[in-house]
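# Topology and contacts: notes
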Amino acid sequence: MPADPSGFQPSAADLHHVIEVRGARENNLADVSLDLPKRRLTVFTGVSGSGKSSLVFGTIAAEAQRLINETYTAFVQSFMPSMGRPDVDALRNLSAAIIVDQERMGANSRSTVGTATDAYTMLRIVFSRLATPHIGTSSAFSFNSAEGMCPACEGLGQVSEIDVDQLVDRERSLEQGAITVPNFAVGSWYWQVMAGSGFFPVDKKLKDFTEREWQDFLHKPATKVKEGTLNTTYEGLVTKVRRLFLGKDRDALQPHIRAFVDRAVAFTGCRVCDGTRLSAAARSATIDGVSIAQSSAMQISDLAAFLRSVEDPSVAPLLATLRHLLDSLVEIGLGYLSLDRPAGTLSGGEAQRVKMVRHLGSSLSDVTYVFDEPTTGLHPHDVQRMNDLLLRLRDKGNTVLVVEHKPEVISIADHVVDLGPGAGTDGGRICYSGDVAGLRASGTLTGRYLGHRARLRERVRTPRGALAIEGADLHNLRDVRVDIPLGVLTVVTGVAGSGKSSLIHGYVAGREGVAVADQSPIRGSRRSNPATYTGLLGPIRTAFAKANGVKAALFSANSEGACPHCHGIGLVYTDLAMMAGVASVCEECQGKRFTPKVLTYQLRGKDISEVLAMSVAQAYDFFPTGQAHAVLGRLNDVGLGYLRLGQPLNTLSGGERQRLKLAIHMNEKATTYVLDEPTTGLHMADVDQLLALLDRLVDDGNTVVVIEHHQAVMAHADWIVDLGPGAGHDGGRVVFTGTPAELVAKGETLTARHLREYVEG
């Protein structure tokens, strides 16, 4: 390195300019070695399942985080998630990694955009200093503290009301099964406690109960009673249902209980605080006539404008920080949110951008920032904003690693790593590593597709009628009237926050014959995998049982055939007391999940663990006929041929989860399919396959409605519904309906401008 003309002499510390990866074998990576430039923007691309996430998240980021965690004391580590060492020979010159992913923000009902970003904490301090009348410290404005919360709803903003007629059949007695709540069947333990309490007769119809019997039956608080020879506690039915089911996170409930809760319980806004969550005192204090509840309900862009008019030397530095935070949220395209928006209602893309804001104002440099498709959920108009933010993080001296498919993001990279050439076992290799110009000339699939454009349809399909939406006013929708044509492919688009999801999920999704495939997590245990979720395991077990003349239950890792040491999970979870617990491959079954006896039974030369280790594509050939072949064919059709049958569901991305749900819905003979950004996680080449699948669905007589920003999907549509013109209260209106060709020819919306540029190349 030449000497600096200013006299600064480079030292050994200046030589660490690349992250060295040597021999990475995590998941499908095929002994990958490469150098990544530090303090630069590197984009990783390749088809779905090519190994991008395994390299970036599973290897580089995982090891950086593990090494940081090891610097803490054993006591502190005991509160951290356990992290095994990635399967890699060497990783050198790593810096501390910050992962900004699309995991939904905690669905804790007390978490809001304001609490998640600390904006509400700062706002509380401002109000505690400046608001009149003065009501105390900042905790007096907190809905999570006893002094600031509304006493009626305990700071939740809503109360639950139970429909008693969803719990009981008043025409029956207890003996006749009057209680219809799950787990309260006649003879069950809960039923026995109620029936044996002595507070009401068991042979009397509920409708004939006296007022006292009815109150005891429904609302009696916990009371000690004797049931046979046992001392136990009796609670009224409503009291017990609240404790058993409503005190728990809804998503943690079993599906049949969750369905019961959804049916029996209505959550309504708290009438005492009008849903603001706050005490009367907190609602009474104002700044320039505006309360903290009104501030939190404002669009963030409006709140930022309001706070610019607030001046006071005592909070000037804090106000400056708060304004900067709010301006950053506006700049990143989230100005349409409000601080009181529950964090659990944000999409994956919105959650990622909220997390990103935390780092924009950071004084840290020489950090590695890792992003997972940061443009998810962004209209082409907003992608440029995201690019600017990624470049700003890089220019502060940070290493920015981005997993992304969009050509607009690839084009700004300093360095590109293209993995492939295929997915699963056909991927995991470096196809190209270098600059963007070299990628274009490389001849790889990504290089060839960088300039690829989907063309407008020469002829659009003719609708068979329309699904009418009238007076739609959910969230920011403004009395929207629009027809969704039947029997064609309709794309609903518009900038983030324009009202697309409110319109389609609010007014189309709930109708009869409509199947919705979205990216929400698939609830299940760590035993759940594509084979169990799709019902594929049934015919596989039957085939094994028939071939070997034994019971089908032997071939279930949840039943008789399970390895007794790991209970059929394949991993053993060890609690190391003060240290973080670790998961290790079961030594008894070597991770195969079954007993040695079960593994002696074969089907066409393969045991059950070998079949579950197959990819969907391999299994499709292995089962050439029957139900298994049909299910595997649908999984192939939705682009999941690379998934392993036994792969845990919690390892799937949002886009993969959506396509898995779509494969299941395709067997249900729905007439209308609603998809929410199905191109998430798809390489440009995979998008073509998706478009062919959507065409097949429509040509089979179905209606397909897609919420999407990808210009290739817009160009391929028969009909476009464009919402806007902006986000939040600047959106909520239909600004265009018609064919893509009409939008390109005469449209004046943001979507029209970007689709025109795309089509014209």
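So, here's what we can say about the structure.

Reading the values: rules and limits
Residues numbered from 1 in each chain as written. Predicted model: local features only at pLDDT ≥ 70, side-chain atom pairs only at ≥ 80, totals over all residues. Heavy atoms only, no water. Helix = DSSP H or I, 4+ residues; strand = E, 2+ residues; numbered from the N terminus. Rg over C-alpha atoms; globule rule 2.2 N^0.38 Å. Buried < 20%, exposed > 50% of the residue type's maximum accessible area, 1.4 Å probe, protein only. Contact = heavy atoms within 4.5 Å. Areas by Shrake-Rupley, 256 points an atom, 1.4 Å probe, with all protein chains shown as cover. Lys, Arg positive; Asp, Glu negative; His and termini not counted. Charge placed at Lys NZ, Arg CZ, Asp CG, Glu CD. Pairing = 2+ DSSP bridges. Axes fitted to C-alpha atoms, helices over the stretch in contact; angles between N-to-C directions. Right-handed = clockwise from strand over helix to strand, strands pointing away. Core = buried A, V, L, I, M, F, W, Y, C linked by side-chain atoms within 4.5 Å. Expected span 1.5 Å × (residues − 1). 1 Å grid on protein atoms, 1.4 Å probe; cavity = no way out; pocket = protein on both sides within 12 Å on 5 of 7 lines; lining within 4 Å. Points joined across faces, edges and corners; volume = space filled by probe spheres on them. Nonpolar A, V, L, I, M, F, W, Y, C, P; charged D, E, K, R; others polar. Phe/Tyr/Trp six-rings, centres within 6.5 Å; stacked < 30°, edge-to-face > 60°. Lys NZ or Arg CZ within 6 Å of the ring centre and 35° of its normal.

### Thoughts on the overall build of the chain
When helices and strands are counted, the chain shows 28 helices and 25 strands. Against the globule reference of 27 Å for 761 residues, the chain gives a C-alpha radius of gyration of 29 Å, in line with a compact fold. When its C-alpha atoms are laid out on the principal axes, the chain stretches across 95 × 80 × 65 Å. Every one of the 761 residues in the chain was classed for burial, and the buried ones make up 52%. Taking the intrachain contacts of the chain between residues at least 6 apart in sequence as the baseline, contacts between residues at least 24 apart amount to 65%. Of the roughly 33700 Å² that the chain leaves accessible, carbon and sulfur atoms contribute 51%. If you average the places of the 78 positive and of the 84 negative side-chain charges in the chain, the two averages end up 4 Å apart.

### Quick notes on the sheet that holds strand β24 (residues 719–724)
In sheet architecture, strand pairing relies on hydrogen bonds along the backbone and comes in two forms, parallel and antiparallel. A sheet is described by the order of its strands in space; here six strands give the open sequence β19-β22-β23-β18-β24-β25, paired in mixed fashion. Since the sheet does not close on itself, it has two edges, and those belong to β19 (514–517) and β25 (733–738), each with one partner. This sheet shows a mean twist of 15° between the axes of neighbouring strands, independent of strand direction. The pairing of strand β18 (residues 489–493) with β24 spans four bridges and is parallel. Bridging from a neighbouring strand, Val491 pairs with Ile720 of β24. Relative to strand β23 (residues 703–707), helix α18 (residues 500–507) is tilted by about 145°, and along the sheet it contacts β18, β19, β22 (672–676), β23 and β24.

### Points about the pairing of strand β12 (residues 368–372)
Of all five residues making up β12, four are buried, and the element is well covered by its neighbours. Direction of pairing for β12 relative to strand β13 (residues 399–403): parallel, over a ladder of five bridges. Bridge assignment links Thr368 to a residue of β13, and that residue is Thr399. The parallel pair β12 and β13 is bridged by helix α14 (residues 380–395), and the resulting crossover is right-handed.

### Considerations on the environment of Thr229
For Thr229, the position within the fold is in the loop between β7 (223–227) and β8 (230–234). In this structure Thr229 comes out as exposed when scored by relative accessible area, which is 73%. As for Thr229 and Ser502, which are separated by 273 residues in sequence, their C-alpha atoms are 56 Å apart.

### Remarks on the nonpolar core
Membership of the largest hydrophobic core comes to 69 residues, with the highest contact counts inside it found for Leu307, Leu326, Met356 and Phe371. The element that contributes the greatest number of residues to this core is helix α4 (residues 119–130), accounting for seven residues. Not counting residues within four places of it along the chain, the set of residues in contact with Phe371 comprises Phe57, Val100, Gln352, Met356, Leu390, Leu393, Val400, Leu401, Val402 and Val403.

### A few points about helix α24 (residues 654–665)
When the terminal C-alpha atoms of α24 are compared, their 17 Å separation across twelve residues agrees well with the 16 Å that a helix rising 1.5 Å per residue should span. Most of α24 is tucked away, with eleven of its twelve residues classed as buried. Listed as buried for α24 are Gly654, Gly655, Glu656, Arg657, Gln658, Arg659, Leu660, Lys661, Leu662, Ala663 and His665. Contacts from the buried residues of α24 go to β19, α19 (530–533), α23 (626–637), β22 and α25 (684–699).

### Some thoughts on empty space enclosed by the protein
Evaluated as defined, the whole model comprises three cavities of 30 Å³ or more. If you add up the space inside the largest cavity, you get close to 150 Å³. Around the largest cavity, the lining is made up of 18 residues, and of these Glu373, Lys406, Thr679, Thr680 and His710 lie nearest the centre. The class makeup of the residues in the lining of the largest cavity is four nonpolar, nine polar and five charged.

### Quick notes on the packing of aromatic side chains
For the coordinates displayed, the defined rule picks out 13 aromatic pairs. Aromatic side chains Phe622 and Phe623 sit 5.1 Å apart centroid to centroid with 85° between the ring planes, which places their arrangement in the edge-to-face category. The class for Phe623 is buried, based on a relative accessible area of 6%. A network of ring pairs unites the aromatic residues Phe199, Phe200, Phe209, Trp214, Phe217 and Tyr234 as a single cluster. Seen from the ring of Phe143, Arg277 lies directly overhead, with NZ or CZ sitting 4.9 Å from the centre. When the ring centre of Phe622 is taken as origin, the NZ or CZ atom of Arg604, which lies over that ring, is 4.6 Å away.

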